[in-house]
Amino acid sequence: MIISFRKFFLFTFSLFLVVSLAQGKKAMTFKDVMKFKKIKEYALSSSGNYFYYTANPDRGDAELFVKNISEETETTIARGFGGKFTNNEKWFACFVRPEFIKLEKSKKDKPENNLSILNLETGDQISEKSVKKFIFSEDSKWIAVQFNKSKKLKKNKKIGSKLLFKALGQENSLELNFVTHFAIDSLSNYLAYTISDTAKGNNGLFLVDLTQNKLTPTPVDTLNNGNYANLSWSKKSELVFTRAKFAEKGKTAKSELLIWNGKIKSLVAEKDYPKGWIIPVKNKVFWSKDNKTVFFGFKPFEEKAEVKKDSADIYSYENILEKKGLDVWHWNDPLIKTNEKFEFKRNRNKTYAAAFNLAKNSFVQLEDKEVKRIRIKKDQSSFLGFSQTPYQKLKTWEGSYSDYYIVNLESGTKEKFAEKLYDYVNLSADGKFVVYFLNKEWFLYNVKTKETTNVTAKIDVPFEDEDHDYPRKVNSYGFGGWINGSESFLIYDKFDIWKFSTSTVKGKNITKGEGRKNHLQFRVVKLDKKSNWFKADQELLIRAYSDNKKYTTVYKLNLKNNELEILTENYKKFTIRAKAEKNDKVLFTRESYREYPDFWITDTDFDSPEKITNLGTQIKNYKWGTPELIEWLSDDGIKLQGILIKPENYDPNKKYPVLVYYYRFFTQRMYNFPDIVVNHRPNYGVYSSHDYVIFLPDIRFEIGRPGLSSVKCLVPGIQKLIADGIADADKIGLHGHSWSGYQTAFVVTQTDIFKCAVAGAPVSNMTSAYGGIRWGTGLARQFQYERTQSRIGASLFEAPHLYIENSPLFYAERIKTPLLIQHGDIDEAVPWYQSIEMYLAMRRLNKDCIFLQYRDEPHHLKKYPNKLDYSIKMKEYFDYHLKGEEPAEWITKGVPYTK
């Protein structure tokens, strides 16, 4: 083969240039990670001409950018967040956070947020200090800004604060003091606000007529010591609100529900309340879409009678026992006490929904003590109600179930149509049909005829999760939406989209089996958040995920003729983020391991997409890894996949230290840009740029043998890396947290293939963990072992041998791998004594074990100093064991306790 000198020279020079550029790149440090910025907030204006986003470093001050997309100009607002555009795209406002260093140094009286108001046409900015809340009017002419209270008034929670109401771009404004609540009607005709003043006689509800030139407040209703709240406007400029008197300390305020439509009227007389119930001040008051109904809430009320006691009697049972501290745990309680406390706190201010019909001048109770939850949608005449009451005790060891009801808006009647459901339930917008999943099948319930039909029974395709490996009832792949009200509906199998007619109850695969044929999982992207259904001839955007290759692309599906059209073709991950409200402009991100998920704008045909952010340039100076998919067989012959991230300038003739990180399935992240943050996980950017190979394997579980399943999946994958000459057999480390923390602790009892291991928040003893509490929710951990993640599939009493066989603690004498354990001592998910048990066992057996106990930390570390400390220690640990670097003193000598 003859190569010209010119071509040889160009090839050599290009190779030299690539190597030189690569050699000029640096390894990422945790200091770099702290400075790395990611987009956390974003929004598109109503016509898609403007876009805002925030670039937030992991630690430090963020920046907010407002971009004029067509003119490609950008305004920067330092430390901005929580932005909003006016509907006419002429104004933008956002909060401005205090400087990070000031927030860090302040212990009391932290500096407060300011407000920046930006004129999008001129670029001029107006600032307001110490702002609590702001809203724009629907007609884009006004802004209302509520300020924080002064330090002097903050202690008085009853009184309001200053409100500035201002015409945008004009001098017309109004300042009001002691405002508690405010609302502008949708026609922008009125501002309503409530006053709670130190002078109690000034309390009341006031209106400002915005159609007049002069902003003049008019009192609508006043009450000495009055507490006005829950302002809600109809589209006809009728105002509903609650009125009460401030209650004495220890008492409960009782409200009344009133309406203003030119004059004040009480909607619900107290004599008509359900017996023993009140309308509380803390409430949810809103209108139906047709403005015919007002929704509000009642609450059970029990006035505690005062008992006169002789405080001088030191032998009085009442006086002494008043100070007792006791919780009684009864065997037949519906909930265990810890979960009962959690639910009590969560539902302390719960109201039970009711509806007032203005035409009938009457109300109905919708929720009650039996059917405590209903899903209210403003445009429906009936709702889904559900109750978990019959299954509360089962929640301890089996999981959550619900009975479902149709709740009629007109009458309040509740008709049960299904029992003990555990998966998806959806009521059509017109209230005619319900679709739900149970026992591997989809069912259609006809509300009028009360008939239930199994719609998938005769279809030879599974609609249940094909990757299900839990000892519980299998779930569905989800519901795709309604078409033409309730004419038909969409559901998914693993790959394809099916359309079912509610009249014929027949289904059709509208993606024509292309999903299953090509292993593409098709899912509908809902762009219009305000609509409850699709039109029969609508073109839908479809997200397609490759189950084999792991990329995500975008298709268009025409519901009229079921034609599929691919819109993107790159091996990337595409995510549709938003659509402009008034046209077809679409916001999306595109990413891969080597491409930051910057934002792009296009139309619904994905013609001529334009990149509108550029945070991806942050990685250009760092060594960056390259991912690839690898495959192997588990010890049970199951085909497995994993992601292998090779460092930049990977040398196939060199063997590398390997860091293994895992949980369950990880390969779906093949085209994800890595999360560059300091937390409890290994940071891929840091380890890859320091010449580690990172291995992210999938794990398939067998019920009753979760620990051994991990071993059977992990070890053959590691052996493949060694056989392929990638891994240095003596330099392989394992890391897992929570569920994979448990797996890590178990794996090292069964194999010596790992040089060292890190287990975050691991369960070590399933026999004691089974009887533990998940302190976050107060739930017993029994359900986790019998039915969910821990996958034992039986109680401790039915299969004690499985709890022992899957517990690392009972095999600790076999461990030869140095183990680093991390746990927060207020962990709300995994009791931290699980790590203590493992540490004490290894200590007693004279095994190499270090336990990092982080004080006052939950399941995932929250405090930045602790997150950084753990990240540094984790890398020091791996560097010592896998690279032979000088060990940090805490590894060799520990750290003495100091206050």
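The shown structure was predicted, so the numbers you read here are calculated from the model rather than taken from an experiment.

## Remarks on the overall build of the protein
Then, number 1: Across its full length, the protein holds 15 helices and 55 strands.
Then, number 2: Relative to a compact globule of 899 residues, whose C-alpha radius of gyration would be 29 Å, the protein shows 31 Å and is just as compact.
Then, number 3: The C-alpha extent of the protein, read off along each of the three principal axes, is 90 × 85 × 70 Å.
Then, number 4: Out of the 899 residues in the protein, the part that is buried amounts to 53%.
Then, number 5: Of note, the protein has its 140 positive side-chain charges centred 3 Å away from the centre of its 111 negative side-chain charges.

## Re the sheet that holds strand β13 (residues 190-195)
Then, number 1: Across the sheet, which stays open at both edges, the 7 strands sit in the order β9-β10-β11-β12-β13-β14-β15 with antiparallel pairing between neighbours. Two strands in the sheet have a free side with no partner beyond their single neighbour: β9 (131-136) and β15 (217-222). Each strand of the sheet is rotated relative to its neighbour by a mean of 40 degrees, with strand direction disregarded.
Then, number 2: Examined bridge by bridge, strand β12 (residues 173-184) and β13 share 5 bridges and lie antiparallel to one another. Within β13, the position partnered with phenylalanine 182 by the bridge is tyrosine 193.

## A short note on the layout of surface pockets
Then, number 1: In this structure, the second largest pocket encloses a volume near 1,300 Å³.
Then, number 2: As for the second largest pocket, its lining consists of 42 residues, of which Leu527, Lys530, Lys579, Ala580 and Glu581 are closest to the centre.
Then, number 3: If you list the elements that add at least two residues to the lining of the second largest pocket, you get β1 (37-44), β5 (80-85), β9, β37 (520-525), β38 (533-534), β39 (539-546), β40 (552-558) and β42 (573-579).
Then, number 4: Of the residues in the lining of the second largest pocket, the class split is 17 nonpolar, 10 polar and 15 charged.

## Remarks on unusual backbone geometry
Then, number 1: You will see that phenylalanine 606, though not glycine, has its phi angle at about 55 degrees, which is positive.
Then, number 2: Here phenylalanine 606 shows up in the loop between β44 (595-602) and β45 (610-611).
Then, number 3: Phenylalanine 606 gets classed as buried once you look at its relative accessible area, which sits at 8%.
Then, number 4: For serine 608, which is not glycine, the phi dihedral falls at a positive 45 degrees.
Then, number 5: Following the sequence through the fold, serine 608 ends up in the loop between β44 and β45.
Then, number 6: For serine 608, a relative accessible area of 67% corresponds to the exposed category.

## Description of the packing of aromatic side chains
Then, number 1: All told, the structure shown has 65 aromatic pairs when counted by the stated rule.
Then, number 2: Taken together, a centroid distance of 5.2 Å and an interplanar angle of 80 degrees make the contact between phenylalanine 522 and tyrosine 555 edge-to-face. Of the two residues, phenylalanine 522 sits in strand β37 while tyrosine 555 sits in strand β40, which places them 33 residues apart along the sequence. The same class applies to phenylalanine 522 as to tyrosine 555, namely buried.
Then, number 3: For the pair tyrosine 650 and tyrosine 656, a centre-to-centre distance of 5.0 Å together with 25 degrees between the ring planes defines the contact as stacked.
Then, number 4: Looking at tyrosine 656, the relative accessible area reads 2%, which means it is buried.
Then, number 5: A network of ring pairs unites the aromatic residues Tyr424, Phe463, Phe479, Trp482, Phe489, Trp498 and Phe500 as a single cluster.

## Section: the packing of helix α8 (residues 706-723) against helix α9 (residues 739-747)
To describe two helices that pack against each other, one gives the angle between their axes and the distance between the axes.
Then, number 1: Following both chains from N to C, one finds α8 and α9 inclined at 75 degrees, their axes separated by 9 Å at the closest point. Taken together, the axis directions place α8 and α9 in an arrangement best described as roughly perpendicular. Residues Pro706, Gly707, Leu708, Ser710, Val711 and Leu714 of α8 form the contact with α9, whose own contacting residues are Trp739, Tyr742, Gln743, Phe746 and Val747.
Then, number 2: Considering only residue class, the contact of α8 with α9 consists of 8 nonpolar, 3 polar and no charged.

## Overview of the nonpolar core
Then, number 1: Ile497 and Phe878 are the most contacted members of the largest nonpolar core, which has 72 residues in total.
Then, number 2: Per element, the largest residue contribution to this core is 6 residues, and it comes from helix α14 (residues 864-883).

## Focus on a positive patch on the surface
Then, number 1: A cluster of like positive charges, contributed by Lys157, Lys282, Lys345 and Arg348, occupies part of the molecular surface.
Then, number 2: Along the chain, arginine 348 turns up in the loop between α5 (337-346) and β23 (352-357).
Then, number 3: By relative accessible area, which is 45% here, arginine 348 ends up partly exposed.

## Regarding the environment of lysine 556
Then, number 1: Inspection of the secondary structure assignment puts lysine 556 in strand β40.
Then, number 2: Classification of lysine 556 as buried rests on a relative accessible area of 6%.
Then, number 3: Distance from lysine 556 to leucine 540, taken between C-alpha atoms, is 5.6 Å for residues 16 residues apart in sequence.
Then, number 4: Those residues within four positions of lysine 556 in sequence are excluded, and the remaining contacts are Glu539, Leu540, Leu541, Glu563, Leu564, Glu565, Leu567, Thr604 and Asp605.

## Focus: the confidence of the model for the protein
Then, number 1: Summarising the model, the protein shows a mean pLDDT of 94, and 96% of its residues fall at 70 or more.
Then, number 2: Across residues 1-21, confidence stays below pLDDT 50; counting only partners more than four residues off in sequence or on other chains, it has 1 contact.

## What about the sheet that holds strand β29 (residues 425-427)?
Then, number 1: With respect to topology, 4 strands assemble into an open sheet ordered β29-β30-β31-β32, the strand pairing being antiparallel. Across the chains shown, the open sheet's two edge strands, defined by having one partner strand only, are β29 and β32 (451-454). Between one strand and the next, the sheet's axes are offset by a mean angle of 20 degrees, whatever the strand orientation.
Then, number 2: Across 3 bridges, β29 lies against strand β30 (residues 433-438) in antiparallel orientation. Within β30, the position partnered with asparagine 426 by the bridge is valine 435.

So, how was this worked out
- Residues numbered from 1 in each chain as written.
- Predicted model: local features only at pLDDT ≥ 70, side-chain atom pairs only at ≥ 80, totals over all residues.
- Heavy atoms only, no water.
- Helix = DSSP H or I, 4+ residues; strand = E, 2+ residues; numbered from the N terminus.
- Rg over C-alpha atoms; globule rule 2.2 N^0.38 Å.
- Buried < 20%, exposed > 50% of the residue type's maximum accessible area, 1.4 Å probe, protein only.
- Lys, Arg positive; Asp, Glu negative; His and termini not counted.
- Charge placed at Lys NZ, Arg CZ, Asp CG, Glu CD.
- Pairing = 2+ DSSP bridges.
- Axes fitted to C-alpha atoms, helices over the stretch in contact; angles between N-to-C directions.
- 1 Å grid on protein atoms, 1.4 Å probe; cavity = no way out; pocket = protein on both sides within 12 Å on 5 of 7 lines; lining within 4 Å.
- Points joined across faces, edges and corners; volume = space filled by probe spheres on them.
- Nonpolar A, V, L, I, M, F, W, Y, C, P; charged D, E, K, R; others polar.
- Phe/Tyr/Trp six-rings, centres within 6.5 Å; stacked < 30°, edge-to-face > 60°.
- Parallel < 35°, antiparallel > 145°, perpendicular 65-115°, else oblique.
- Contact = heavy atoms within 4.5 Å.
- Core = buried A, V, L, I, M, F, W, Y, C linked by side-chain atoms within 4.5 Å.
- Patch = residues over 30% accessible without salt bridge, like charges linked within 9 Å, V, L, I, M, F, W, Y side chains within 5 Å.
- Areas by Shrake-Rupley, 256 points an atom, 1.4 Å probe, with all protein chains shown as cover.
- Salt bridge = Lys/Arg side-chain N within 4 Å of Asp/Glu carboxyl O.
- pLDDT = per-residue confidence, 0-100.

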